[in-house]
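Analysis of the macromolecular model
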Protein chains: 4
Amino acid sequence: MLDALKQSVWEANLQLPEYGLVTFTWGNVSGIDRTRGLVVIKPSGVSYGEMKKEDLVVVDLDGNQVEGDLKPSSDTPTHLFLYRELPAIGGIVHTHSPWATSWAQAGRAIPALGTTHADYFLEEIPCTREMTPSEIQGNYEWETGKVIAESLKEKDPMNVPGVLVHQHAPFCWGKDAQDAVYHAVVLEEVAKMAYHTVALNPGACGMNRDLLDKHFFRKHGSKAYYGQT
Amino acid sequence: MLDALKQSVWEANLQLPEYGLVTFTWGNVSGIDRTRGLVVIKPSGVSYGEMKKEDLVVVDLDGNQVEGDLKPSSDTPTHLFLYRELPAIGGIVHTHSPWATSWAQAGRAIPALGTTHADYFLEEIPCTREMTPSEIQGNYEWETGKVIAESLKEKDPMNVPGVLVHQHAPFCWGKDAQDAVYHAVVLEEVAKMAYHTVALNPGACGMNRDLLDKHFFRKHGSKAYYGQT
Amino acid sequence: MLDALKQSVWEANLQLPEYGLVTFTWGNVSGIDRTRGLVVIKPSGVSYGEMKKEDLVVVDLDGNQVEGDLKPSSDTPTHLFLYRELPAIGGIVHTHSPWATSWAQAGRAIPALGTTHADYFLEEIPCTREMTPSEIQGNYEWETGKVIAESLKEKDPMNVPGVLVHQHAPFCWGKDAQDAVYHAVVLEEVAKMAYHTVALNPGACGMNRDLLDKHFFRKHGSKAYYGQT
Amino acid sequence: MLDALKQSVWEANLQLPEYGLVTFTWGNVSGIDRTRGLVVIKPSGVSYGEMKKEDLVVVDLDGNQVEGDLKPSSDTPTHLFLYRELPAIGGIVHTHSPWATSWAQAGRAIPALGTTHADYFLEEIPCTREMTPSEIQGNYEWETGKVIAESLKEKDPMNVPGVLVHQHAPFCWGKDAQDAVYHAVVLEEVAKMAYHTVALNPGACGMNRDLLDKHFFRKHGSKAYYGQT
């Protein structure tokens, strides 16, 4: 069951160390089959080098484990909340990639400062609010999904395909698992360049809005003309 | 037709990931046959790992596609404007290399701060002015070429073989496609060191002019004595 | 004798260059057999590429060399002091990994700024006090162990599995040699992100305490639920 | 003639790209046979990947080319001045390694800030004074050697095995070509960590003198006890 999805999610997980986004087991990717309402996700604490496709875990949107001998990622409830709240997304990735995480630890949204950002994010990249003691001590991972969704403020998640979780690290998403990882790479690169940009120009707080729109819509929407399709 | 040029442009494009100048498809190289007035350029959005030499696109200086099944880079009009305006150049490269892009996002020219810069650039590396709404919403990529040329202020482009486009990223050039990529590598290294130099010495704004001239003309012009020729 | 321990310590030493924690011979790992009171440690000044398992040195807790043709690491007395003072630890590693060393040189403890830190360290990562002239000129490496232990202030060393030695570099430990190296990798990553965090937010001095506890105890102690066990 | 020296200098040159100290041809290593008064040095502008051992050039201490079909490095007069002025040294290396070059461009000596520095340099790493117009326009490379020697202020060059040339880049030396490259690697690592240290602690200007001496003399001189000899 779900063999193609498992293959896709397995490959997407292996891309995390290839792209330098993870140390040890600090990241996980999932993908969803919307028709069946089933999510395939990395098992908890298993190293990428040893993880076989069969080790992936299948859960339903209520968190019931449907397949797999291993426990799913401890971040599974965050993924499930986001799949329920954001019907457009098909894959989610969480990492502690160092540049994005530095912004998250600083509690700062990443302002749109150049066309690299604008090619994929139509807005600044939000940082969630601090969580309350009861959110942290309660169903923590589920509540993490909630503050991520709250930070989107009803924007189209495909226009803002990633968010920084305050004092934690980024979550990204996309139309499938590969697309989510693609956005995680973009976010890390954008975070790195934004760090150096604000050091060179402390007043930099946002780019020309026309230029931002131009670049985003060169690549997205009905008038896109970048690429071969 | 243009087989040697295609080989050269293909190899130059593949150098971009080898030198760490690009993430995904964020860059493109072109080369020109001045006798025929034809430009060979990377197809739009094709990954370097999958791009075959036959995928390269040939366009004339009016932008008419002469050869190739794929669409040319969306930045093709920028390349064409520069080839028309700067008859001395034979190759052009655009990347989002992170250090140069950070300076571009900050809207700052890179001052000449040491001999590494002086070995290849006789001046500071300019940053273009902000583009107007009509330039952005109009023939954007063609107008990008215009502001690049404007930033050169009639200087010899071989003395300033690269420019930062404001809130965007660098364009470099050279006598051919390989030479353009060489300058893109130089620019990235110079941008990195200039960043750290101004952090260590915030007053650093330009090097000794005699030293700059000495190093540039050790490598360029009739009195050059660096290398074997 | 001690063949399994030697294998473990040898592999742990070889992990130092693999994880990018050492230049040349700037690091060493040891492990202890608590039953026998014997420590296996890297020989002094031998490069990782040339070090054979047989080159490892065995010493007792009084510093007497029990096995091996080579001299043990010059830092051996530091290791021995820590094994005597901290009965819970089974492996120790010393490196000059650049991010952690930069904090050590600055004489600053690394504040807990995010969940990556909190997953492994329940407190800030201490920086030892400056050593006195008589400590430096006397039994220097033994005294180094003393100031490390002093910086822990009777805290459980498994809750703070590493310390910065003032104007020097980090020491880390764990339940065995591999676990010590694991913590050295964590420390380096945490040090790097903390550097960038305080640059982005100079006021950042410590994270939400509830969040810190939540993440530490997700991975440690009787209520841990991260991973497969 | 000089076959062993050529082999040594050739290998030392190839170490420059292996250690990440050079981009393109931005560096050169030489070694001297003191008995014969002959220096083996890299040819000018030849890439490391293509350089054969037979391409190395032999010159005497007056700069006369004794062997080799290629032109020697344009920096040869700097090497020759240093060999004449500093009889203790047997190898010299010049690179534009980025961290050391950033300090050189900033015109700042690198203060001794930790034991990594102290293990190899008994003092701060000097930055030469600005050269005069007549020095630059005259026998520039020879004059570069002069300002390097001047910056040592009659100190033992083996206690300060490298110097930053103002607005240019580092030169390092050692007992032979390999030792010189070793010091170039140390300098780059020390420069990187010093950069981050002064960012974390802007008041950091020099380490505990007792600690500096302790570490230097653990590795150097008659009372050294680091390593196997």
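Residues numbered from 1 in each chain as written. Chains lettered and ligands numbered in written order. Predicted model: local features only at pLDDT ≥ 70, side-chain atom pairs only at ≥ 80, totals over all residues. Heavy atoms only, no water.

Per an unreviewed UniProt entry, the recorded name for chain A is L-ribulose-5-phosphate 4-epimerase, and the organism is Paludifilum halophilum. As its UniProt record puts it under Cofactor (unreviewed entry), chain A is described as follows: "Zn(2+)". (UniProt positions renumbered as here; feature names shortened; annotations may be inferred.)

As a further point, take the interface of chain B and chain D. With 33 residues of chain B at the contact, the number on the chain D side is 34 residues. At the junction of chain B and chain D, the tally comes to 2 salt bridges. Close ionic contact of B:R218 with D:D75 constitutes a salt bridge, the shortest N to O distance being 3.5 Å. Counting the contacts that link chain B with chain D gives 19 residue pairs in polar contact (both at pLDDT 80 or more). Breaking the side of chain B that touches chain D down by element, the ones donating at least two residues are α4 (115-118), α7 (177-200) and α8 (209-219) of chain B. Sort the elements by how many residues they give to the side of chain B that touches chain D and α7(B) lands first, with 12 residues. Residue classes in the side of chain B that touches chain D are distributed as 15 nonpolar, 11 polar and 7 charged. (Contact = heavy atoms within 4.5 Å. Salt bridge = Lys/Arg side-chain N within 4 Å of Asp/Glu carboxyl O. Polar contact = N/O pair within 3.5 Å; in protein donor to acceptor, adjacent residues only side chain to side chain. Helix = DSSP H or I, 4+ residues; strand = E, 2+ residues; numbered from the N terminus. Nonpolar A, V, L, I, M, F, W, Y, C, P; charged D, E, K, R; others polar.)

What follows covers unusual backbone geometry. Positive phi, normally seen in glycine, also occurs at A:K153, with a value near 50°. One can find A:K153 in the loop between α6 (140-152) and β6 (162-164). The residue D:Q167 is not glycine, and still its phi comes out positive at about 55°. For D:Q167, the position within the fold is in the loop between β6 (162-164) and β7 (170-174). Judged by its relative accessible area of 10%, D:Q167 falls in the buried class. (Buried < 20%, exposed > 50% of the residue type's maximum accessible area, 1.4 Å probe, protein only.)

Right, let's get into helix α3 (residues 98-106) of chain C. Counting buried residues in α3(C) gives 9 out of 9 residues, a clear majority hidden from the surface. Taken residue by residue, α3(C) has C:P98, C:W99, C:A100, C:T101, C:S102, C:W103, C:A104, C:Q105 and C:A106 as its buried positions.

Moving on to the UniProt feature "domain: Class II aldolase/adducin N-terminal" (unreviewed entry) in chain A. Listed under "domain: Class II aldolase/adducin N-terminal" (unreviewed entry) in the UniProt record, and renumbered for this structure, are residues 7-195 of chain A. Here residues 7-195 of chain A runs as 38% helix and 16% strand, with 35 Å between its end C-alpha atoms.

Moving on: the pattern of salt bridges. Inspection of the entire model under this criterion finds 44 salt bridges over all chains. Notably, a salt bridge pairs C:D213 with C:R209, separated by 3.0 Å at the nearest N-O pair. Taken together, the positions of C:D213 and C:R209, both in helix α8 (residues 209-219) and 4 residues apart, correspond to about one turn of that helix. Looking at C:D213, the relative accessible area reads 26%, which means it is partly exposed. Between D:R129 and D:E150 there is a salt bridge; the shortest N-O distance is 2.9 Å. A residue pair is termed long-range when its members are at least 10 positions apart, and D:R129 in the loop between α4 (115-118) and α5 (133-137) and D:E150 in helix α6 (residues 140-152) qualify at 21 residues.

We now examine the packing of aromatic side chains. Throughout the structure, instances matching the rule amount to 32 aromatic pairs over all chains. With centroids separated by 5.3 Å and ring planes inclined at 85°, the aromatic side chains of A:F216 and A:F217 adopt a geometry described as edge-to-face. With 3.8 Å between their ring centres and 10° between their planes, B:Y182 and D:F24 make a pair best called stacked. Residue B:Y182 is located in helix α7, and its partner D:F24 is located in the loop between α1 (3-18) and β1 (27-33); the two belong to separate chains. Residue classification places B:Y182 among the partly exposed positions, given a relative accessible area of 23%. Across from the ring centre of C:Y226, 4.0 Å away, lies the NZ or CZ of C:K219, which sits over that ring. When the ring centre of D:Y48 is taken as reference, the NZ or CZ atom of D:K42 above it lies at 5.0 Å. (Phe/Tyr/Trp six-rings, centres within 6.5 Å; stacked < 30°, edge-to-face > 60°. Lys NZ or Arg CZ within 6 Å of the ring centre and 35° of its normal.)

On to the relation of the copies chain B and chain D. Relative to chain D, chain B is turned by 90° and slid 0.0 Å along the rotation axis, the superposed coordinates differing by an RMSD of 0.0 Å. Both copies of the chain, as the preceding transformation shows, are related through a four-fold rotation axis. Across chain B, the rotation axis passes nearest the C-alpha of B:A199, at a separation of 6.0 Å. (Least-squares fit on C-alpha atoms with pLDDT ≥ 70 in both.)

For the rest of this paragraph, the subject is the interface of chain B and chain A. The parts lose accessible area when they come together, and the size of an interface is often stated as this lost area. Every contact between the two is made by 34 residues of chain B and, on the other side, 33 residues of chain A. Both sides of the chain B and chain A interface together cover about 3,000 Å² of buried area, and 54% of this is carbon and sulfur. The tally of links between chain B and chain A comes to 2 salt bridges. Inspection of the region where chain B meets chain A yields 19 residue pairs in polar contact (both at pLDDT 80 or more). Counting only elements with at least two residues in the side of chain B that touches chain A, the list comes to α3 (98-106), α5 (133-137), α6 (140-152) and α7 of chain B. (Buried area = accessible area lost by both parts, 1.4 Å probe.)

Let's shift gears to the relation of the copies chain B and chain A. Both copies of the chain are related through a single rotation about an axis accompanied by a shift along the same axis. Expressed as a screw operation, the relation of chain B to chain A combines 0.0 Å of axial shift with a rotation of 90°, fitting to an RMSD of 0.0 Å. Taken as a fraction of all interface residues of chain B, those also at the interface in chain A reach only 3%, which identifies the copy contact as different-surface.

Quick look at helix α8 (residues 209-219) of chain A now. Listing the buried residues of α8(A) in full gives A:L211, A:L212, A:K214, A:H215, A:F216, A:R218 and A:K219. Residues of α8(A) that are buried in the fold lie against α4 (115-118) of chain A together with α5 and α6 of chain B. For α8(A), the side-chain oxygen to backbone nitrogen distance between the N-cap and A:D210 is 2.8 Å, and the N-cap itself is A:N208. Phi turns positive, to about 90°, at A:G221, one or two residues after α8(A).

This brings us to the packing of α3(C) against helix α7 (residues 177-200) of chain C. Residues and elements named next belong to chain C. Where α3 contacts α7, the two axes come as close as 7 Å, and the packing angle between them is 60°. Considering their axes alone, α3 and α7 lie oblique with respect to each other. Here α3 and α7 pass one another in a crossing that is left-handed. Seen from α3, the contacting residues are P98, W99, A100 and W103; seen from α7, they are L187, E188, A191, K192, A194, Y195, H196 and V198. Grouping the constituent residues of the contact of α3 with α7 by class yields 9 nonpolar, 1 polar and 2 charged. (Axes fitted to C-alpha atoms, helices over the stretch in contact; angles between N-to-C directions. Parallel < 35°, antiparallel > 145°, perpendicular 65-115°, else oblique. Left-handed = near helix turned anticlockwise from the far one by under 90°.)

A separate point is the side chain of D:S44. Checked against the element boundaries, D:S44 lands in the loop between β2 (38-41) and β3 (57-60). According to the relative accessible area criterion, D:S44 is buried, its value standing at 2%. Polar side-chain contacts of D:S44 include one of 2.7 Å to the backbone nitrogen of B:G227. Not counting chain neighbours up to four residues away, the residues in contact with D:S44 comprise B:Y226, B:G227, B:Q228, D:K71, D:P72, D:S73 and D:S74.

So, on to the sheet that holds strand β2 (residues 38-41) of chain B. Residue and element names in this part refer to chain B. In spatial order, the strands read β4-β3-β2-β1-β5-β7-β6; together these 7 strands make up an open sheet with antiparallel pairing. Single-partner strands in this sheet number two, and they are β4 (65-67) and β6 (162-164). Between one strand and the next, the sheet's axes are offset by a mean angle of 25°, whatever the strand orientation. Both strand β1 (residues 27-33) and β2 contribute to a ladder of 4 bridges, which runs antiparallel. For S30, the partnering residue across the bridge sits in β2 and is I41. Relative to strand β7 (residues 170-174), α6 is tilted by about 70°, and along the sheet it contacts β6 and β7. (Pairing = 2+ DSSP bridges.)

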